[in-house]
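# Examination of the molecular architecture
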Amino acid sequence: MLDTEAALARAAERAGIAATGSGEAVTAAADASLFDLDALGRAAARTGNPVPALVRELRSLVNGPAARAVHAGATSQDILDTAAMLLARQSLTAILADLARAADAAAGLAAAHDETIMIGRTLLQQAVPVTFGLVAAGWMTGLDEAREDLARVAATRLAVQFGGAAGTLAALGEAGPRVAGLLAEELGLAAPPLPWHTERLRLVQIAAAAAGAAAVTGKLARDVTLLAQSEVAEVSEGGEGGEGRGGSSAMPHKHNPVAAILILGCTKRIPGLLATLAAAAEQEHQRAAGAWHAEWETFADLLRLTGSAAAWAADLLAGLQVDARRMRANLDAAGGFPMAEQVAALLAPALGPTQAHDLVARASASAALAGQPLADALTTGETGHTITAAGITSVQLRDALDPAAYLGSASVFTQAALAAHQATTERLSQPPA
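Residues numbered from 1 in each chain as written. Predicted model: local features only at pLDDT ≥ 70, side-chain atom pairs only at ≥ 80, totals over all residues. Heavy atoms only, no water.

## Remarks on the overall build of the protein
Looking only at helices and strands, one finds 18 helices and four strands in the protein. Against the compact-globule benchmark of 22 Å for 433 residues, the protein has a radius of gyration of 30 Å, which places it well outside the compact range. Its C-alpha atoms put the protein at 100 × 50 × 40 Å along the principal axes. Here the protein holds 433 residues, and 48% of them are scored as buried. (Helix = DSSP H or I, 4+ residues; strand = E, 2+ residues; numbered from the N terminus. Rg over C-alpha atoms; globule rule 2.2 N^0.38 Å. Buried < 20%, exposed > 50% of the residue type's maximum accessible area, 1.4 Å probe, protein only.)

This is how it looks when you write it as structure tokens:
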């Protein structure tokens, strides 16, 4: 808020409606360390927002004619909304940097584990084999898409708010639009065509982009918590400076996925905050009674939680420990069941797709009931006879049960994602036009 007031004084001086030296004087006085925050809080309870008390105190710190440049032509909402835009810019800069670190770390995992085979899981059940490289590439792509969206919002939706009492800047006469443009220039924000006091789309769009980024971090954090379960143990957290992290107050053996848990602790709260901001966007006439006020803490909390989730995601992925041997052991322990689709595809030309599917389904159920590998059920009894009669050799069956032979386009997709990541990084590193 003080940055906004200082910039407004400088803009007023440049527009010729404030005394020479006003901008410098107000900027020098706009130092947060000079203000009693407790007193401002108590005063805010009397006026419904903190700006009137802030302005009164700021004016008292400025000597002579320059004091008249404080809050020139502005209303409280101008100061608070513009401050929110400055807060958003600062937050988005930090969030984008952490998302970039996280995406780079995910890219490193994708490249290193392009051929690391693991069980794919759908509906929390074992599916067909995938690679951990493909999994990490999925995290990376989500992070990159979130970065693109946040960068777009940061470049196009951060705008100054300056409309005076009811959006007309009548107090400044003909100088109003010029002061508004100079204020935007001073702060490095966009100058919108008109004030947006009760048009709140830009705030919702900023929040939605942040919530989308948080959702991406929540997805990868949830994957890590599941892969790090003791019974799965395919990944574990290391983290930057994370030695000794993850302990329990009661159970010395524990190694909890702390970063993933803290990401989820943030991301679980964000949808409700976004919903509040969307609901608060319905604002009446030229100044809302209550809806605008509902945005203040909500917007700041959403940015803070998104920033925390992004920072933890960068830490998590930079130190993630991947156990490729455990991944292969879990796949082998599955008894060949993840290869049932491939076996059905092998049998389909001879038996027809429906009969092949049903035969493999019956064999899978029989093997599971008997605690046998799928191969045993496929090579014995009536099922084995049917397969042999269909002309399927033991070598063909063995190849169909090999997970490495059923990875489809996993590597192609991973490499394409890595190339896209490089392009995204180069694009976002370019200075704005």
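Continuing now.
## Examining the nonpolar core
One finds Phe132, Leu143, Phe162 and Leu317 to be the most contacted residues of the largest nonpolar core, which totals 108 residues. If you tally residues by element for this core, the top one is helix H5 (residues 76–112), at 16 residues. Apart from residues no more than four positions distant in its own chain, Phe132 is found in contact with Leu109, His113, Thr116, Met118, Trp139, Leu227, Val235, Leu320, Val322 and Met327. (Core = buried A, V, L, I, M, F, W, Y, C linked by side-chain atoms within 4.5 Å. Contact = heavy atoms within 4.5 Å.)

## Observations concerning the environment of Gly408
When you line up the elements, Gly408 lands in the loop between helix H17 (394–400) and helix H18 (410–429). Here Gly408 falls in the exposed class, since its relative accessible area comes to 75%. Residues Gly408 and Gly384, spaced 24 residues apart in sequence, show a C-alpha to C-alpha distance of 27 Å.

## Some remarks on the pairing of strand E1 (residues 117–122)
Where E1 meets strand E2 (residues 125–131), five bridges bridge the pair, whose relative direction is antiparallel. Within E2, the position partnered with Met118 by the bridge is Val130. Counted along the chain from E1 to the antiparallel partner E2, the turn is two residues long, and its residue Leu123 has a positive phi close to 55°. (Pairing = 2+ DSSP bridges.)

## A word on the packing of aromatic side chains
For the structure on display, the rule yields two aromatic pairs. A ring pair is formed by Phe132 and Trp139, whose centres lie 5.8 Å apart and whose planes are at 85°; its orientation type is edge-to-face. The same class applies to Phe132 and to Trp139, which are both buried. Sitting over the face of the ring of Trp196, Arg202 holds its NZ or CZ atom 5.1 Å from the ring centroid. (Phe/Tyr/Trp six-rings, centres within 6.5 Å; stacked < 30°, edge-to-face > 60°. Lys NZ or Arg CZ within 6 Å of the ring centre and 35° of its normal.)

## Here's the deal with the packing of helix H8 (residues 201–227) against helix H11 (residues 291–318)
It is at 9 Å that the axes of H8 and H11 come closest, and there the two elements cross at 35°. When you trace H8 past H11, the crossing you get is left-handed. Along its contact with H8, which presents Leu203, Ile206, Ala207, Ala210, Ala211, Ala213, Ala214, Thr217, Leu220 and Val224, the element H11 presents Glu295, Phe299, Leu302, Thr306, Ala309, Ala310, Ala313, Leu316 and Leu317. (Axes fitted to C-alpha atoms, helices over the stretch in contact; angles between N-to-C directions. Left-handed = near helix turned anticlockwise from the far one by under 90°.)

## Side note on the side chain of Asp78
Mapped onto the elements, Asp78 comes out in helix H5. Although Asp78 is buried, it forms no salt bridge, and the closest oppositely charged side chain is Arg287 at an N-O distance of 6.3 Å. (Lys, Arg positive; Asp, Glu negative; His and termini not counted. Salt bridge = Lys/Arg side-chain N within 4 Å of Asp/Glu carboxyl O.)

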